[in-house]
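Examining the three-dimensional arrangement
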Amino acid sequence: MKNSKTNVMRVLESRGVPYECFFYDADPALSGSDIARILGENPAGVFKTLVAKGAKGRVYVFMVPVSGELDLKKAASAAGEKHVEMLKAKELLPTTGYVHGGCSPVGMKKKFDTFLDSSAAKFGAIYFSAGKIGAQVRLSPADLAKVVEYKFADISK
């Protein structure tokens, strides 16, 4: 069952979006850079999905390279907020339907404003979580736009 389909894969397939899927041993201790190494990829092309809450209480999704960090000031500016703070771990599953380390912008419980770091535009395809620890999907930013409305923004440091 390790390589079973995730909700992310089902959503992509239902919309006819081409993707590649990669599985690895699910180890929560692995960093994003470790996962990029396992995939044999440049960490700048492997993205983590982070969820934050704005001053107004709205939830936002930010995708940044695993080799970098989310710049909270830039993220707030992109979202039109005075500030944003990371969603507490205990709020992640009930808010998004995903656990820490397996969060994906595709197939969340609700539609949230989503921002993809502008560095993704230079890649023909990017990697991000397939919705569970131990699985990544690879697709183009243009194909991601077919299932997730996002804006490119300079949000990493």
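Now for a quick tour of the structure. Quick caveat, the model's predicted, so the values are computed rather than measured. Note on numbering: residues in each chain are counted from 1, in written sequence order. In keeping with the model being predicted, local features are shown solely for residues with a pLDDT of at least 70 and side-chain atom pairs are shown and tallied solely at 80 or more, while totals for entire chains, interfaces and linings include all residues. Side-chain measures here rest on the full set of heavy atoms in the structure, leaving out hydrogens and waters.

What about the layout of surface pockets?
Where we set the bar: Of the grid points, spaced at 1 Å and generated over the protein atoms alone, those admitting a 1.4 Å probe that cannot get out make up cavities, while open sets with protein on both sides within 12 Å along at least five of seven lines make up pockets; any residue with an atom within 4 Å of a point is treated as lining. Grid points are joined across faces, edges and corners, and a volume is the space filled by probe spheres set on the points. Counting from the N terminus, the helices are DSSP H or I runs at least four residues long and the strands are E runs at least two residues long.
If you add up the space inside the largest pocket, you get close to 550 Å³. For the largest pocket, the lining is made up of 26 residues, of which K48, T49, H100, G101 and G102 are closest to its centre. Elements supplying a minimum of two residues to the lining of the largest pocket: α2 (32-39), β2 (47-54) and α4 (89-96). Broken down by element, the residue count for the lining of the largest pocket peaks at five residues, all from β2.

Thoughts on the packing of aromatic side chains
For clarity, the cut-off: Note on aromatic contacts: the rings of Phe and Tyr and the six-membered ring of Trp form a pair at centre separations within 6.5 Å, being stacked when their planes are under 30 degrees apart, edge-to-face when over 60 apart, and tilted otherwise. Summary of the burial criterion: residues with accessible area below 20% of their type's maximum are buried, those above 50% are exposed, and those between are partly exposed, where the area comes from a 1.4 Å probe applied to protein chains only.
Taken as a whole, this structure holds five aromatic pairs when the rule is applied. Residues Y60 and F115 carry aromatic rings whose centres are separated by 6.5 Å and whose planes lie at 45° to one another, so their mutual orientation is tilted. With Y60 in strand β3 (residues 59-65) and F115 in strand β5 (residues 113-117), the pair connects residues that are 55 residues apart, well separated along the chain. This pair shows no difference in class: Y60 is buried, exactly as F115 is. Ring centres of Y150 and F152 lie 5.3 Å apart, and the angle between their planes is 85°; on these two criteria the pair is classed as edge-to-face.

Structural notes on the nonpolar core
What counts is decided by this rule: The term nonpolar core refers to a set of buried residues drawn from Ala, Val, Leu, Ile, Met, Phe, Trp, Tyr and Cys, joined through side-chain atoms within 4.5 Å. Whether two residues are in contact is decided by their heavy atoms, any of which lying within 4.5 Å being enough.
Judged by nonpolar contacts, the single largest core of 30 residues is most densely connected at I126, F128 and L144. At the level of secondary structure, the elements contributing two or more residues to this core comprise α1 (7-14), β2, β3, β6 (126-129) and β7 (135-139). Setting aside residues up to four positions removed in sequence, L144 forms contacts with M63, P105, V106, L116, I126, F128, L139 and Y150.

Regarding the sheet that holds β5
Worth spelling out the cut-off: Here, strands pair whenever DSSP counts at least two bridges between them. Between the N-to-C directions of two axes lies an angle of 0 to 180 degrees, each axis being a line fitted to C-alpha atoms and, for a helix, fitted only over the stretch in contact.
Strand order in the open sheet made by the five strands is β4-β2-β3-β5-β8, with mixed pairing throughout. Looking at which strands have only one partner, the edges of the open sheet turn out to be β4 (84-86) and β8 (150-153). Strand-to-strand twist of the sheet, defined as the mean angle between neighbouring strand axes without regard to direction, takes the value 35°. Bridging between β2 and β3 involves seven bridges; their strand directions are antiparallel. Looking at the pairing, T49 lines up with M63 of β3. Across the sheet, helix α3 (residues 72-79) lies against β3, β4, β5 and β8, angled at about 125° from β4, the strand it touches most.

Considerations on the pairing of β7
For β7, the tally of buried residues reaches four of five residues, placing the bulk of the element in the interior. Pairing geometry for strand β1 (residues 20-23) and β7, over four bridges, is antiparallel. Across the sheet, residue F22 finds its bridge partner in β7, namely Q136. Sheet analysis places β6 next to β7, joined by four bridges and oriented antiparallel.

Focus on the pattern of salt bridges
Opposite charge on two side chains permits pairing when their charged atoms draw close. Definition in use: Salt bridges are identified by distance alone: a Lys or Arg side-chain nitrogen within 4 Å of an Asp or Glu carboxyl oxygen.
In this structure the tally under the stated criterion is eight salt bridges. Across the pair E13 and K5 runs a salt bridge, and its minimum N-O distance is 2.8 Å. When the shortest N-O distance is used, the salt bridge between K146 and D143 registers 2.9 Å.

A word on the environment of F62
Considering the arrangement of structural elements, one finds F62 in strand β3. Of the residues examined, F62 reaches a relative accessible area of 0% and is grouped as buried. Remark: the alpha-carbon pair of F62 and K48, spanning 14 residues in sequence, is separated by 8.2 Å. Apart from residues lying up to four places away in sequence, F62 is in contact with K48, T49, L50, A52, L70, A75, F115 and I155.

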